[in-house]
Amino acid sequence: TDFLSIEGWHLMNRKTSKRIVHAVSYLALGIGAVIMLVPLIWAFTTSLKTTNEAFVYPPTFFGKEILWSNYLKISDRFNFLNMFKNTSIVTIASVILQLTTSAMAGFAFSYLKFRGRDRIFMLFLFSMMVPYHVLLVPTFMLLKKLNLINTLWALILPTAVTPFGAFLMRQSFMSLPSEMGEAAKIDGCNPWGVFTKMFLPLAKPALTTLGIFTVVGSWNDFLRPLIYLTDDSLMTITLGIYNMQGAFSTNWPVLMCTVMVSIIPVLIIFVCLQDLFVEGVALTGMK
């Protein structure tokens, strides 16, 4: 009886400790979520105020009147639809090219056997250690010689191949049993057939993860459009938001309206693909 009571006491303590850990974890996650959401909520409420109410002290979440008409003023100064179109073209092209090249490179580095494969892959990864800003000048000179400056191709081609994408897809393909490829080879599949019919369909989570990273990076890119584009008709959303800030005055509510509209596509993509995104992070060693 004493033994059973001691065991029951330990079991109750373990359950209590587990509940406390869960409660503390949920509390910490809730606080982190609030910290992350407050700037977004503040930007949304600011978009519904007048210019004077945006700087009133003490600050308030909402003004005296909710002005949904601010969203109709987005295109008063810039052609927002054209900026949205340019950003969409760059993002879609970057995603297609990067997924294609990364999947092919990842398959080659994980399944195909050729001399110096691992050394080439290590050299490929070393390029990830080079700061992004260091490559801006040589990339600009190369694009200028190719007459691609002030074109959307200047934003698309430099992102067509990335070491991170190849590394992510290689980790995904290496998690698959190599016996599948050998069995397909016995059935008459060449390496391209093994890649397209066996490995690629099983890599959807990793492709989704890489696709979301690419969409967010391309959609929010500001530095490259600022350097490579000078024509207003080629302006992207981030560059348009930057140019909406005047030298002497800025209509902050309308600017916040533009910000809120610009994040909707990325938010929708992430919400729709979040299950595959989490699965891809878990299966490719990114955790």
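Residues numbered from 1 in each chain as written. Predicted model: local features only at pLDDT ≥ 70, side-chain atom pairs only at ≥ 80, totals over all residues. Heavy atoms only, no water.

Quick notes on the confidence of the model for the protein chain
Here is the rule we go by: Each residue gets a pLDDT score, which is the predictor's confidence in that residue and runs from 0 to 100. A run of H or I in DSSP becomes a helix once it reaches four residues, and a run of E becomes a strand once it reaches two; helices and strands are each numbered from the N terminus.
On average, the protein chain scores 82 in pLDDT, and the residues at 70 or more come to 89%. No element of the protein chain has a lower mean pLDDT than helix 12 (residues 252-283), which averages 77, and none a higher one than helix 5 (residues 153-156), which averages 92.

Re unusual backbone geometry
The cut-off we apply is this: Think of it in three bands: with a 1.4 Å probe and only protein chains considered, a residue is buried below 20% of the maximum accessible area for its type, exposed above 50%, and partly exposed in between.
The residue Asn-147 is not glycine, and still its phi comes out positive at about 60°. Relative to the elements of secondary structure, Asn-147 occurs in the loop between helix 4 (136-145) and helix 5. A positive phi angle is found at Asn-150, which is not glycine, with a value near 65°. Summarising the element assignment, Asn-150 is placed in the loop between helix 4 and helix 5. Judged by its relative accessible area of 24%, Asn-150 falls in the partly exposed class.

Section: the packing of aromatic side chains
Test applied: Aromatic rings from Phe, Tyr and Trp, with only the six-membered ring used for Trp, were paired whenever their centres fell within 6.5 Å, and each pair was classed as stacked if the ring planes differed by under 30 degrees, edge-to-face if by over 60, and tilted otherwise. A ring has a charge above it when a Lys NZ or an Arg CZ is no more than 6 Å from the ring centre and no more than 35 degrees off the ring normal.
Counting across every chain of the model gives 17 aromatic pairs. Summarising the aromatic geometry, the rings of Phe-109 and Phe-124 are spaced 6.0 Å apart at their centres and angled 40° between planes, so their arrangement reads as tilted. Residue Phe-109 is located in helix 2 (residues 80-110), and its partner Phe-124 is located in helix 3 (residues 117-126); the two are separated by 15 residues in the primary sequence. Under the relative-accessibility criterion, Phe-109 is labelled buried at 10%. Among the residues examined, Phe-124 registers a relative accessible area of 24% and is labelled partly exposed. Among the aromatic residues, those joined into a cluster by ring pairs are Phe-107, Tyr-111, Phe-173, Trp-192, Phe-195 and Phe-199. We note Lys-49 situated over the ring of Trp-42; from NZ or CZ to the ring centre the distance is 4.7 Å. The ring of Phe-121 has Arg-170 sitting right over it, with the charged end atom 4.2 Å from the ring centre.

Quick word on the pattern of salt bridges
Here is the rule: When a carboxyl oxygen of Asp or Glu is within 4 Å of a side-chain nitrogen of Lys or Arg, the pair counts as a salt bridge.
With the rule as written, the count across this model stands at 2 salt bridges. The salt bridge involving Arg-117 is made with Asp-118; its shortest N-O contact spans 3.5 Å. Classification of Arg-117 as buried rests on a relative accessible area of 19%. Of the charged contacts, one joins Asp-221 and Arg-224 as a salt bridge, the two residues approaching to 2.7 Å between their closest N and O atoms. For the pair formed by Asp-221 and Arg-224, the shared burial category is buried.

Some details on the packing of helix 8 (residues 191-202) against helix 9 (residues 204-219)
We apply this condition: Structural elements are reduced to axes, namely lines fitted to C-alpha atoms, with helices fitted over the stretch in contact, and the angle between N-to-C directions of any two is expressed from 0 to 180 degrees. Contacts were defined at the residue level, with two residues in contact if any of their heavy atoms lie within 4.5 Å. Under the scheme applied, nonpolar residues are Ala, Val, Leu, Ile, Met, Phe, Trp, Tyr, Cys and Pro; charged residues are Asp, Glu, Lys and Arg; polar residues are all the others, including Gly.
Look at helix 8 against helix 9: their axes get within 5 Å of each other, and the N-to-C directions meet at 65°. On helix 9, the residues that touch Leu-200, Pro-201 and Leu-202 of helix 8 are Lys-204, Pro-205 and Leu-207. Of the residues in the contact of helix 8 with helix 9, the class split is 5 nonpolar, no polar and 1 charged.

Observations concerning the nonpolar core
The line we're drawing: For this analysis, a nonpolar core means a set of buried residues of the types Ala, Val, Leu, Ile, Met, Phe, Trp, Tyr and Cys, connected via side-chain atoms within 4.5 Å.
By size, the foremost hydrophobic cluster in this structure holds 19 residues, and its most contacted members are Phe-78, Phe-80, Met-83, Met-235, Ile-237, Met-244 and Leu-255. Mapped onto this core, the elements with two or more residues apiece are helix 2, helix 9, helix 11 (237-243) and helix 12. Considering each element in turn, this core owes the most residues, 6 residues, to helix 12. What Phe-80 contacts, discounting residues up to four positions off in sequence, is Ile-74, Ser-75, Ile-237, Thr-258 and Val-261. Within the second largest apolar cluster, 15 residues are counted, among which are Tyr-111, Leu-168, Phe-195 and Ala-206.

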